[in-house]
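In case you want the letters, here they are:
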Amino acid sequence: MTATLITGISELVTCDPSQGDGSPLGIVRDAALVIEGERVAWVGEALRAPAADACVDLGGHAVIPGFVDSHTHLVFAGERSVEWAARMAGEPYTGGGIATTVAATRAASPEELREHTRALVAQMHAQGTTTIEIKSGYGLDVAHEARILEVAREFTDETTFLGAHVVPPEYAHDREAYVDLVCGEMLQACAPLSRWIDVFCDTGAFDEAETRRVLSAGVKMGLGVRLHGNQLEAGPGVRIAVEFGAASVDHCNHLSDDDIDALAASDVVATLLPGADFSTRAPYADGRRLLDAGVTVAIATDCNPGSAYVTSMPLCIAVAVRDMGLTPAEALYAATRGGAQALRRDDIGSLSVGVSADFAVLDAPSHLHLAYRPGSSLVAQTWRRGARV
């Protein structure tokens, strides 16, 4: 197997505290790493690097683990810029919201969905993201939910069934029948295409009883649990996530002291979505409060056409630092190792021996520039599974 030495690294962020300076970021200065196949074979100071078959000299750039975007809705058609503009102008908007995207997505061909998703994934790769979770939720019937997941699986193994996103217009007067469909025929069609099940448990979406029913059905089908919770107001989302042993509860804008304590006592990751809060002018989730309580925090884009048409994890890092109370180091950890934990993965989100060789090369000497220079194109190269993307 060919070994490639990546050297000339001014600052290597490993997200492995056993490396380098011993901090959570495990920073190694004047560093190098060796790749064999798709995996990292060696990490350390460049002066101690072993011989390799090939060498890539980065000339003093910083290297970080590839971003792990653990919450996206990438498979959709259409856009909702008019809705967004009305919201920014402070005007009431009655254009249909998610239902608008559902209609456009149902009308799109599989190839149209595939090409649009491919373009968004390319944008993410160009900005340093190497692992992406993709949810359904814009089909809201059996055939279209399954089709969304079939497309999603062409781009990631981290697929999530979100039939319980909202109740579609055709079931507006019979919610129970829609929940029956989600827990029955829709789940049967979508479970083989999914690793996870998710529910939007919040005002205007699904209540506690409906959420429990859908999650229980998914667990019986062998799916792991994720949850949209506590975004629009305080509610039962965190409590349900902890009870079900969810990998992650996402948004977390409105948390009680009991919610914080429950998360801190569990292994449920609190995934913050800075792009959604930024794009909707919502109150920002209090990341500082979560971290100070000992909760594991992740950052993701929530890329979707309505509330967060964002593909940039660097932008999310900058917003998390400015408006959620995270330090630059905490935000980078949340966007890499934290995202991996939100997906229950230990082979991504860090750079240590044996993990996937997923990393981003920054056009900067330090990871600090990610938050220091928001909006700049700082990712010079992205490597995934040992090859440059």
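Just above sits the structure.
Residues numbered from 1 in each chain as written. Predicted model: local features only at pLDDT ≥ 70, side-chain atom pairs only at ≥ 80, totals over all residues. Heavy atoms only, no water.

A. How the structure looks around the nonpolar core. The biggest cluster of nonpolar side chains holds 89 residues, and the ones touching the most others in it are Leu263 and Leu290. Looking at this core, the element that brings in the most residues is helix H5 (residues 175-190), giving 8 residues. With residues near it in sequence (within four places) discarded, Leu290 still touches Leu255, Ile260, Leu263, Ala270, Leu272, Val295 and Val297. (Core = buried A, V, L, I, M, F, W, Y, C linked by side-chain atoms within 4.5 Å. Buried < 20%, exposed > 50% of the residue type's maximum accessible area, 1.4 Å probe, protein only. Helix = DSSP H or I, 4+ residues; strand = E, 2+ residues; numbered from the N terminus. Contact = heavy atoms within 4.5 Å.)

B. Layout of the state of the cysteines. Considering all chains together, one arrives at 0 disulfides under this definition. As a non-bridged cysteine, Cys201 has Cys252 as the owner of its nearest cysteine sulfur, 12 Å distant. Exposure remark for Cys201: the relative accessible area of 4% places this residue in the buried category. A relative accessible area of 1% places Cys252 in the buried class. (Disulfide = S-S within 2.5 Å.)

C. Expanded view of the packing of aromatic side chains. Here the structure, examined in full by the defined rule, presents 4 aromatic pairs. Judged by centre distance (5.6 Å) and plane angle (75°), the rings of Phe76 and Tyr309 are edge-to-face. In this pair, Phe76 sits in the loop between strand E5 (67-69) and helix H1 (81-88) while Tyr309 sits in the loop between strand E13 (297-299) and helix H11 (313-323), placing the two residues 233 residues apart along the sequence. Classification of Phe76 as buried rests on a relative accessible area of 0%. A residue is classified by how much of its surface remains accessible, and Tyr309, at 42% relative accessible area, is partly exposed. Both rings, one in Tyr171 and one in Tyr178, keep their centres 5.4 Å apart while their planes meet at 55°; by these two values the pair is tilted. Classification of Tyr171 as partly exposed rests on a relative accessible area of 23%. The positively charged end of Arg175 is found above the aromatic ring belonging to Phe206, 5.6 Å away from the centroid. Positioned above the aromatic ring of Trp196, the side-chain terminus of Arg226 is 4.6 Å from the ring centre. (Phe/Tyr/Trp six-rings, centres within 6.5 Å; stacked < 30°, edge-to-face > 60°. Lys NZ or Arg CZ within 6 Å of the ring centre and 35° of its normal.)

This is a description of form; function is not addressed.
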